[in-house]
Amino acid sequence: MSKFEEIIDRKGSSSVKWDLTKTVFGKEDVLPMWVADMDFLPPQNVLEALETRLKHGIFGYTFVGDKTATSIKDWLQKRHGWQIETSWLQYSPGVVPAISTIIQALTIPGDKVLVQSPVYTPFFNLVEDNGREIVNAQLDYHDGSYSIDYQAFEESLQTGVKLFLLCNPHNPSGRVWKKEELTKMAELCHKHDVVIVSDEIHSDLVYKSHSHIPLASLHETYRDRTITCIAPSKTFNLAGLQASAMITSNPDIREKIASVHKKQGFFTLNTFGIIGMEAAYRHGEQWLEEILEYLQENVKVTAAFIEEHLPGLKLVNPEGTYLLWIDCTNLNLSDEELKSRLLDQGKLALEPGTKYGPGGEGFVRMNIACPRETLMDGLERLKVALGS
Ligand SMILES: Cc1ncc(COP(=O)(O)O)c(C=O)c1O
C-alpha cells in the first residue's frame, strides 16, 4: 500500500480546510476539497528535521542563513535549471504577503496592476486592498483549454499598467506556460516597461510531458524586471510553516522591498519555517517524485470517473497543480444552484469558479491532493450533486 493511502484525521487540528467549512460554507457535514493543501504527511526527513529542532527546545529569534539559501539555490538549479545568487533572495511568511509587499514597494495607490482571470482570488484582493486598480486580460478558453490573447494582453499593458501578476503554473486552469508563451508575455512587458511578479508557488507540481520554466530564467533582460515568488508550501505540504522566498536579480527592486519590510517591522521567518524549508529543498526530491506519480493517478481516476458518470462536466486537463478545474457550464445551472447542489445534495465543499473572477462562472475547483479513498468519496458526492 502506498504511504499516500493513509487517511489522517485532520479535524480538530485547526485546519482551515477541515475545520472552517461551517464558517465558510455554512455547513459542517461536508467533505472538504477546497483550500489548496494536501491531506498527506510531508517527507519523513522534513518531519525529522523539525523534530530535532523541537527537541533542542529553545526557540529564540532565528535568521535565515546561508544553509537555507543554498538549499533553495541548489533546488532551483537541479529541478528547473535556473542559477540564482544568494544575494537575490528575500523572504516572506508566504507568497500572498510577498505579493502585497511587492505591490506596496513598486506601485503607488491608483496604479494599475494586470491579472489574467480566471485566477487565484488574492491576486484581485491584494491589488484592491492596497488601493491599486485591477486591469484584467482574461485568458481565452476554447475546446477545454486555456491560452493567452496577446492582443488583449498588450492592449491592457498600454492602459498604463505598472505591474503584471503572472501565475505560473496557473491556478486554477492548471496550465504550465510554455517557453514561447512566457517569452511573448515577457517581451510585451519589456516593451511597455512593466515589472513582472511571477508567482511560481506551484512550479514543482508539474505532470509528465510538461516542464516548468521560471520566467526569470529566459533572459537577463526579463530577469531584471521580474520578482519570482516560490515556497515549499504547496510542493511539500508545509503551508502552515509560513515560509517563502522572493527572488530578483534587480538590486533597486530588492532595496524597495527591503524598505517595505522595514516599515512592516518584518525581519525574519518562524524558526520551524526556516528548518522545514531547508530540509524540504535539501531532502525532499524523492518524496516529490512519488507524490507526483500518486497525484497523476488521481487525475486519471478523476478524468475516467467524470467521463463515465458525469458526461455533462468537462475536466480541463491539468498540466500541473493538484487543483482540478471543472467546467460545468453545459449543465446550465446558475452559480447559486451549482453551489447548493454541491453542498446540500452532494455534501461536498469545492471552490466556486466565481471566486476566480471573470471566466470562472459555471466552473468549480476541486483539490485532489488526498488519499484515493477520499477522492472516490468526493467523486461519488460530485455524482450525487451534478449527475443526471
Ligand atoms: C497561485 C498561488 N499563490 C499563492 C498561494 C498561497 O501562498 P502562501 O500560502 O505562501 O501565502 C496559493 C495557494 O493556493 C496559490 O495558489
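Just so it is clear, the structure is predicted and the values come from calculations on it, not from any experiment.

Caption draft 1: How the structure looks around the overall build of the protein chain. Tallying secondary structure elements over the protein chain gives 15 helices and 15 strands in all. Each principal axis of the C-alpha atoms in the protein chain carries an extent, and together these give about 60 × 55 × 40 Å. Relative to its 388 residues, the protein chain shows a buried fraction of 56%. Counting only contacts in the protein chain whose residues sit at least 6 apart along the sequence, the fraction spanning at least 24 positions is 76%. Of the accessible surface of the protein chain, which amounts to about 16,700 Å², a share of 50% is contributed by carbon and sulfur atoms. Across the protein chain, the mean location of the 39 positive side-chain charges is 3 Å away from that of the 52 negative side-chain charges.

Caption draft 2: Representation of the sheet that holds strand E14 (residues 351-352). Read from one edge of the open sheet, four strands run E11-E12-E15-E14, paired in antiparallel fashion. If you trace the sheet from one side to the other, it starts and ends with strand E11 (314-316) and E14, each paired once. Examined bridge by bridge, E14 and strand E15 (residues 363-367) share two bridges and lie antiparallel to one another. Paired with Glu-351 across the strands is Arg-365, a residue of E15.

Caption draft 3: Representation of the packing of aromatic side chains within the structure. Per the stated rule, a full pass over the model turns up 17 aromatic pairs. When the ring of Phe-59 is compared with that of Phe-272, the centres are 5.4 Å apart and the planes differ by 45°; the resulting orientation is tilted. Here the residue Phe-59 occupies a position in the loop between helix H3 (44-56) and helix H4 (66-80), and Phe-272 occupies one in helix H12 (residues 271-283), the gap between them amounting to 213 residues. Overall, Phe-272 belongs to the partly exposed group, its relative accessible area being 21%. On the numbers, 5.5 Å between centres and 45° between planes, the contact of Trp-75 with Tyr-281 is tilted. Taken together, the residues Trp-75 in helix H4 and Tyr-281 in helix H12 connect sequence positions 206 residues apart. Each member of the pair Trp-75 and Tyr-281 is classed as buried. One aromatic cluster is present, built from ring pairs that chain together Phe-4, Phe-40, Trp-75, Phe-236, Tyr-281, Trp-287 and Tyr-294. Residue placement shows Lys-184 over the ring face of Tyr-150; its charged tip is 4.4 Å from the ring centre. Its guanidinium or amino end placed over the ring of Tyr-294, Arg-372 lies 4.2 Å from that ring's centre, counting from NZ or CZ.

Caption draft 4: Representation of the domain arrangement of the protein chain in the model. The domain architecture assigned to the protein chain consists of domain 1 (3-43 + 286-386) and domain 2 (58-283). On the domain 2 side, the residues contacting the 34 residues of domain 1 number 34 residues. The contact between domain 1 and domain 2 buries some 2,900 Å² in all, and 56% of this surface belongs to carbon and sulfur atoms. Taken together, domain 1 and domain 2 are joined by two salt bridges. Taken together, domain 1 and domain 2 are joined by 18 residue pairs in polar contact (both at pLDDT 80 or more). Class assignment for the residues of the side of domain 1 that touches domain 2 results in 18 nonpolar, seven polar and nine charged.

Caption draft 5: Here's a closer look at helix H15 (residues 372-386). Look at H15: 20 Å from first C-alpha to last across 15 residues, which is about the 21 Å you get at 1.5 Å a residue. Listed as buried for H15 are Arg-372, Thr-374, Leu-375, Gly-378, Leu-379, Leu-382, Ala-385 and Leu-386. One side of H15 holds all its buried residues, which, seen down the axis, span an arc of 150°. Residues of H15 that are exposed and angled more than 90 degrees away from the buried face: Glu-373 and Val-384. Where the residues of H15 are buried, they touch strand E1 (31-32), helix H13 (285-309), strand E12 (323-327), helix H14 (335-346), strand E13 (348-349) and E15.

Caption draft 6: Fine view of the site of the ligand. All residues in the neighbourhood of the ligand are listed as Ala-36, Gly-94, Val-95, Val-96, Pro-97, Tyr-120, Cys-167, Asn-171, Asp-199, Ile-201, His-202 and Lys-234. Interatomic distance of 2.7 Å between a side-chain N/O atom of His-202 and an oxygen atom of the ligand. Burial of the ligand by the protein amounts to 90% of the accessible area it has alone, namely 400 Å². If you map the ligand onto the pockets, it falls in the largest pocket. Looking at the shell around the ligand element by element, the count peaks at three residues for helix H5 (residues 95-106). Split into classes, the residues belonging to the shell around the ligand amount to seven nonpolar, three polar and two charged.

Caption draft 7: Just the sheet that holds strand E3 (residues 112-115), in detail. Judged by pairing direction, the sheet is mixed, and its seven strands sit side by side in the order E2-E10-E9-E8-E7-E3-E4 without closing on themselves. Two strands lie at the open edges of the sheet, namely strand E2 (89-92) and strand E4 (133-136), each paired on one side alone. Averaged over all neighbouring strand pairs, the angle between strand axes comes to 25°, with direction disregarded. When E3 meets strand E7 (residues 161-167), the two strands line up parallel, connected through three bridges. The residue bridging Val-113 from the neighbouring strand is Leu-163, located in E7. Sheet contacts for helix H11 (residues 251-264): E2, strand E8 (195-199), strand E9 (226-230) and strand E10 (244-247); angle to E2, the most-contacted strand, approximately 30°.

Parameters and conventions
Residues numbered from 1 in each chain as written. Predicted model: local features only at pLDDT ≥ 70, side-chain atom pairs only at ≥ 80, totals over all residues. Heavy atoms only, no water. Helix = DSSP H or I, 4+ residues; strand = E, 2+ residues; numbered from the N terminus. Buried < 20%, exposed > 50% of the residue type's maximum accessible area, 1.4 Å probe, protein only. Contact = heavy atoms within 4.5 Å. Areas by Shrake-Rupley, 256 points an atom, 1.4 Å probe, with all protein chains shown as cover. Lys, Arg positive; Asp, Glu negative; His and termini not counted. Charge placed at Lys NZ, Arg CZ, Asp CG, Glu CD. Pairing = 2+ DSSP bridges. Phe/Tyr/Trp six-rings, centres within 6.5 Å; stacked < 30°, edge-to-face > 60°. Lys NZ or Arg CZ within 6 Å of the ring centre and 35° of its normal. Domains from an automatic or database assignment. Buried area = accessible area lost by both parts, 1.4 Å probe. Salt bridge = Lys/Arg side-chain N within 4 Å of Asp/Glu carboxyl O. Polar contact = N/O pair within 3.5 Å; in protein donor to acceptor, adjacent residues only side chain to side chain. Nonpolar A, V, L, I, M, F, W, Y, C, P; charged D, E, K, R; others polar. Expected span 1.5 Å × (residues − 1). Arc of directions from axis to C-beta. Near = heavy atom within 4 Å. 1 Å grid on protein atoms, 1.4 Å probe; cavity = no way out; pocket = protein on both sides within 12 Å on 5 of 7 lines; lining within 4 Å. Sits in = over half its atoms within 2 Å of the grid points. Axes fitted to C-alpha atoms, helices over the stretch in contact; angles between N-to-C directions.

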